[in-house]
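This is what each chain is made of:
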Amino acid sequence: MVPGQRLIETDLAACFQVGRNAVREAMQKLAARGVVDLSPHRSPAIRRLDPDETFEVLDVASALTGLAARTAAIHFDAQRHDTPLRAAMDMLDEAQRVDEAAMFSQARRRFYRALLTIGGNRELQRIFPAIGMHIIYAQYQTRQLRGIRVADYRAIAEAVVGSNPEGAAEAGHAHVEHVRRVIIEALERSGSMVHPERKAQGEGS
């Protein structure tokens, strides 16, 4: 499914072999997470972000990714955490090699779960999955962006393994700014308007 795609209750109920009430309940939960857009008198749709919303998500993601990376670096214990973190990186490398978007998305989630588990901050574990980065990545699916993300995740992982909190936080912030730059370039190519202050923020990082 792609951003903007309409969701038909009867089709989803048949696909997942559930009742329409279950589909409606799922839609409400997904709407609360910002994945589905529920508009009056229209079918639900996968949420599509306009440029301003995209940069708002990136602002939040930058802060929380830096915090997640920093917290993981503070609490990293090689004996307990080295294996799961390296396994997550191996899965990202394999997903990039295969060049399969769904596999890469799964590998990305595994990487962040590893960071959040290492960090052990329960509030961060609760709110981090709600960041709308998955919607951004669904809108801007490019091999270039996946390559940037793997390199950035590797930099984050190296700082975490090195127990370098400030370096990990910096790598987390830098990762989101790299994504921001790619999106700005994509919007410029498409002729979409970009707020000057947002553009300056992305180019200056």
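The paragraphs below set out a description of the structure included in this document. Here the structure is a predicted model, which is why all the values come from computation and not from measurement.

Here Arg108 shows up in helix H5 (residues 101-119). In this structure Arg108 is buried but unpaired, with Asp152 as the nearest side chain of opposite charge at 11 Å. Filtering out sequence-adjacent residues up to four positions away, Arg108 remains in contact with Leu92, Met133, His134, Tyr137, Arg149 and Tyr153.

On inspection of all chains with the given rule, the structure shows 4 aromatic pairs. Pairing Phe111 with Tyr112 gives two aromatic rings, centres 5.4 Å apart and planes at 70 degrees, and the pair type is edge-to-face. Side by side, Phe111 and Tyr112 carry an identical accessibility label, which is buried. An aromatic cluster of at least three residues, connected via ring pairs, comprises Phe111, Tyr112, Phe128 and Tyr153. Against the face of Tyr137 rests Arg149, its NZ or CZ located 3.4 Å from the ring centre.

Bringing the pattern of salt bridges into the picture now. Tallying each qualifying case throughout the model produces 12 salt bridges. Taking the shortest distance from any N to any O, the salt bridge between Glu166 and Arg70 comes out at 3.2 Å. One end of the pair, Glu166, is in helix H9 (residues 165-190); the other, Arg70, is in helix H3 (residues 51-75), with 96 residues separating them in the sequence. Linking Glu123 and Arg126 is a salt bridge whose minimum nitrogen-to-oxygen distance equals 2.6 Å. With Glu123 and Arg126 both in helix H6 (residues 122-127) and 3 residues apart, this pair spans about one turn of that helix. For Glu123, a relative accessible area of 43% puts it in the partly exposed group. A relative accessible area of 55% means that Arg126 is categorised as exposed. Connected through shared salt-bridge partners, Glu9, Arg20 and Arg24 make up one network.

In an α-helix, one turn spans 3.6 residues, which is why side chains three or four residues apart end up on the same side. Along its 19 residues, helix H8 (residues 143-161) runs 27 Å from first to last C-alpha, staying within 8% of the 27 Å computed at 1.5 Å per residue. Among the residues making up H8, those that are buried are Leu145, Arg146, Arg149, Val150, Asp152, Tyr153, Ile156, Ala157, Ala159 and Val160. Those residues of H8 that are buried are in contact with H3, helix H4 (78-98), H5, helix H7 (133-139) and H9. With its phi angle positive at about 50 degrees, Ser163 sits one or two positions after the end of H8.

So, on to the side chain of Arg149. By the secondary structure assignment, Arg149 is in helix H8. If we ignore the near neighbours within four places in the chain, the residues touching Arg149 are Phe104, Arg108, Tyr137, His175 and Val179.

Turning next to the nonpolar core. Counting residues in hydrophobic clusters, the biggest one holds 48 residues, and the most contacted among them are Leu85, Phe111, Met133 and Val160. Looking at this core, the elements with two or more residues in it are H3, H4, H5, H7, H8 and H9. In terms of residue count, the dominant contributor to this core is H3 (9 residues). Setting aside residues no more than four positions away along its own chain, Val160 makes contact with Ala69, Ala72, Ala73, Phe76, Leu85, Leu115 and Ala168.

About the criteria used
Residues numbered from 1 in each chain as written. Predicted model: local features only at pLDDT ≥ 70, side-chain atom pairs only at ≥ 80, totals over all residues. Heavy atoms only, no water. Helix = DSSP H or I, 4+ residues; strand = E, 2+ residues; numbered from the N terminus. Buried < 20%, exposed > 50% of the residue type's maximum accessible area, 1.4 Å probe, protein only. Lys, Arg positive; Asp, Glu negative; His and termini not counted. Salt bridge = Lys/Arg side-chain N within 4 Å of Asp/Glu carboxyl O. Contact = heavy atoms within 4.5 Å. Phe/Tyr/Trp six-rings, centres within 6.5 Å; stacked < 30°, edge-to-face > 60°. Lys NZ or Arg CZ within 6 Å of the ring centre and 35° of its normal. Expected span 1.5 Å × (residues − 1). Core = buried A, V, L, I, M, F, W, Y, C linked by side-chain atoms within 4.5 Å.

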